[in-house]
Amino acid sequence: MFEHFTQRRMAVNGTEIACRIAGQGEPLLLLHGHPQTQAIWHKVAPYLTSQFTVVLADLRGYGDSGKPEPDAEHLNYSKREMAKDQFELMAVLGFNQFSVVAHDRGARVAHRLALDHPQAVKRLVLMDIAPTLSMYRQTTETFARAYWHWFFLIRPAPLPEALIKADPDLYLRSVMGSRSAGMQPFTKEAYADYLRCLQLDGTARGICEDYRASAGIDLQHDEVDLNAGRKVKCPLLVLWGEQGTVGKCFAPLAEWEKVAENVQGEALPCGHYIAEEQPELLLEKVLPFLR
């Protein structure tokens, strides 16, 4: 995977962010979700490099990026800090303005990135999420059963961390394989990277802290923006899987219209892992928007 990409590890915002870079043209940042790494983009990234300078990055706490110690308020894993990582990464690489394509947890980071650093984000693509605040406020039994990990991972340490570390492969297959497409979308190479990184010291803790932050400090930050009428200003494309939970339990487009000024989007014929289930269709939808 990523044979033509250059691997780097950059010191930013008090941690280190692992990334890969390739291509030419306007900068494009790609952010992954849970419980994965930048490897989710291996089916689409090579096709983007002829038109964009593509930056693939691991979120803090995930992949080969740094895994800071937790704090009582979970500030170190707030989406504000995770977004600042990516903002500083792109600045260090020489990109003051860029577009972002992001999935799942990475899309939550990208949402905060567009709010906190509006001058930096030119265009934004968010995949298979509704706003965090909306999803917690509208939680139903159906959603809780499908997204059980949202409520498991926020339990106090060290229980979730210990259970993940006891059998990382079982955890990955339980989360990823329980979606509509099962394990079919994931190549052996990509899955091996997900498993390798989950086994790294600090990853289980980083993942849990990411979710604990989203159930606490992130909601506070989102409430402040909502009450102030602060919205995402750049053009936003929202995509979700019609076979997935987000589209069944929420109205993604309507929810994003509440927190963004310029929104378009649609459901795609797949489940949660759009970049690995429908890479060609994703490119078909994303490329005209980014251009």
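Look above for the structure.
Keep in mind it's a predicted model, so treat the numbers as computed, not measured. Position labels on residues start from 1 in each chain and follow its written sequence. Totals for whole chains, interfaces and linings use all residues, but because this is a predicted model, local features are given only for residues with pLDDT of at least 70 and pairs of side-chain atoms are given and counted only at 80 or more. Only heavy atoms go into the side-chain values, all of them from the structure, while hydrogens and water stay out.

Participant: Just checking my understanding: could you explain the overall build of the chain for this structure?
Facilitator: Summing up its helical and strand segments, the chain has 15 helices and eight strands in all. Taking 19 Å as the expected radius of gyration for a compact globule of 291 residues, we find that the chain reaches 17 Å, a close match to that expectation. Of all 291 residues assigned to the chain, the portion counted as buried reaches 59%. For the chain, the share of sequence-separated contacts (at least 6 apart) that also reach a separation of at least 24 residues comes to 76%. Accessible area of the chain: about 11500 Å², with a carbon and sulfur share of 50%. Each charge class in the chain can be summarised by its mean position, and for the 31 positive and 36 negative side chains these summaries are 1 Å apart. Counting from the N terminus, the helices are the DSSP runs of H or I reaching at least four residues and the strands are the DSSP runs of E reaching at least two. Throughout, radius of gyration means the C-alpha value; the globule benchmark is 2.2 Å times the number of residues raised to the power 0.38. Residue exposure (1.4 Å probe, protein chains only): buried if accessible area is under 20% of the type maximum, exposed if over 50%, otherwise partly exposed. Only heavy atoms matter for contacts: two residues are in contact if any of them lie within 4.5 Å across the pair. We get accessible surface area from the Shrake-Rupley algorithm with a probe of 1.4 Å; when it comes to residues, only the shown protein chains can shield them. Only four residue types enter the tally: Lys and Arg on the positive side, Asp and Glu on the negative side, with His and both chain ends excluded. Every charge is mapped to an atom, namely NZ of Lys, CZ of Arg, CG of Asp or CD of Glu.

Participant: Please explain the pattern of salt bridges as it appears in this structure.
Facilitator: Should their charged atoms come close, side chains of opposite charge can pair. The salt bridge definition used is simple: a Lys or Arg side-chain nitrogen within 4 Å of an Asp or Glu carboxyl oxygen. Within the structure shown, the criterion is met by 22 salt bridges. Among the salt bridges present, the one from Asp 116 reaches Arg 112, with a minimum N-O distance of 2.8 Å. In this pair, Asp 116 and Arg 112 are both assigned in helix H3 (residues 105-116), four residues apart and thus about one turn of the helix distant. Judged by its relative accessible area of 24%, Asp 116 falls in the partly exposed class. The salt bridge involving Glu 141 is made with Arg 145; its shortest N-O contact spans 2.9 Å. Of the two residues, Glu 141 and Arg 145 are both situated in helix H5 (residues 141-146); the distance of four residues between them amounts to about one turn of the helix. For the pair shown, Glu 141 and Arg 145 are each scored as exposed. In the salt-bridge network here, residues are joined through shared partners; they are Arg 80, Arg 112, Asp 116, Asp 222, Asp 225 and Arg 230.

Participant: Sorry if this is basic, but what is going on with the packing of helix H8 (residues 168-176) against helix H9 (residues 188-198) here?
Facilitator: When two helices pack together, their arrangement is captured by the angle between the axes and the distance separating the axes. H9 packs onto H8 with a crossing angle of 125° between their chain directions and a minimal axis gap of 9 Å. One way to sum up the angle between H8 and H9 is to call them oblique. Seen along the crossing, H8 lies across H9 with a hand that is right-handed. Contacts from Pro 168, Asp 169, Tyr 171, Leu 172, Arg 173 and Met 176 in H8 reach Tyr 191, Tyr 194, Leu 195 and Leu 198 in H9. Any residue outside Ala, Val, Leu, Ile, Met, Phe, Trp, Tyr, Cys, Pro, Asp, Glu, Lys and Arg is labelled polar, Gly included; the first ten of those are nonpolar and the last four are charged. Residue classes in the contact of H8 with H9 are distributed as eight nonpolar, no polar and two charged. Orientation is described by lines fitted to C-alpha atoms, with helices fitted over the stretch in contact, and by angles between N-to-C directions that extend from 0 to 180 degrees. Just so you know how the angles are binned, under 35 degrees is roughly parallel, over 145 roughly antiparallel, 65 to 115 roughly perpendicular, and the rest oblique. For any pair of crossing helices, the crossing counts as left-handed if the nearer helix is rotated counterclockwise from the farther one by less than a right angle, and right-handed if it is rotated clockwise.

Participant: Before we go on, may I ask you to explain the sheet that holds strand S2 (residues 15-23) in this structure?
Facilitator: Strand pairing within a sheet occurs via backbone hydrogen bonds; the two strands may be parallel or antiparallel. Two strands qualify as a pair provided DSSP detects at least 2 bridges between them. Spatially, eight strands are ordered S1-S2-S4-S3-S5-S6-S7-S8 in an open sheet, and the strand pairing comes out mixed. Either end of the sheet is taken by a strand with one partner, and the two such strands are strand S1 (6-12) and strand S8 (263-268). The sheet shows a mean angle of 20° between the axes of neighbouring strands, direction not considered. Contacting strand S3 (26-31), strand S5 (98-103) and strand S6 (121-127), H3 runs over the sheet at an angle of about 145° to S5.

Participant: Looking at this structure, how should I read the pairing of S3?
Facilitator: If a strand is regular, its side chains alternate between the two faces of the sheet. Taking burial as the measure, the six residues of S3 include five buried ones, the bulk of the element. Examined bridge by bridge, S3 and strand S4 (residues 52-57) share six bridges and lie parallel to one another. In the sheet register, Pro 27 faces S4, and the bridge partner there is Thr 53. Pairing of S3 with S5 involves four bridges; the strand directions are parallel. Note that in S5 the partner of Leu 29 across the bridge is Val 100.

Participant: Before we go on, may I ask you to explain the packing of aromatic side chains in this structure?
Facilitator: In this analysis, rings of Phe, Tyr and Trp, with Trp reduced to its six-membered ring, are considered paired at centre separations within 6.5 Å, and the interplanar angle assigns stacked below 30 degrees, edge-to-face beyond 60, and tilted for intermediate values. Enumeration over the complete set of coordinates arrives at 11 aromatic pairs. Taking 4.9 Å as the distance between ring centres and 45° as the angle between the ring planes, the aromatic pair formed by Tyr 136 and Trp 150 counts as tilted. On the criterion of sequence distance, the pair formed by Tyr 136 in helix H4 (residues 132-137) and Trp 150 in helix H6 (residues 148-152) is long-range, its members being 14 residues apart. Three or more aromatic residues joined by ring pairs make a cluster, and in this case those are Tyr 136, Phe 143, Tyr 147, Trp 150, Phe 151 and Phe 250. Its guanidinium or amino end placed over the ring of Tyr 211, Arg 105 lies 3.7 Å from that ring's centre, counting from NZ or CZ. Note on criteria: charge over ring means Lys NZ or Arg CZ within 6 Å of the ring centre, with the direction from the centre no more than 35 degrees off the ring normal. Note that Arg 179 overlies the ring of Tyr 147, its terminal NZ or CZ placed 4.6 Å from the centroid.

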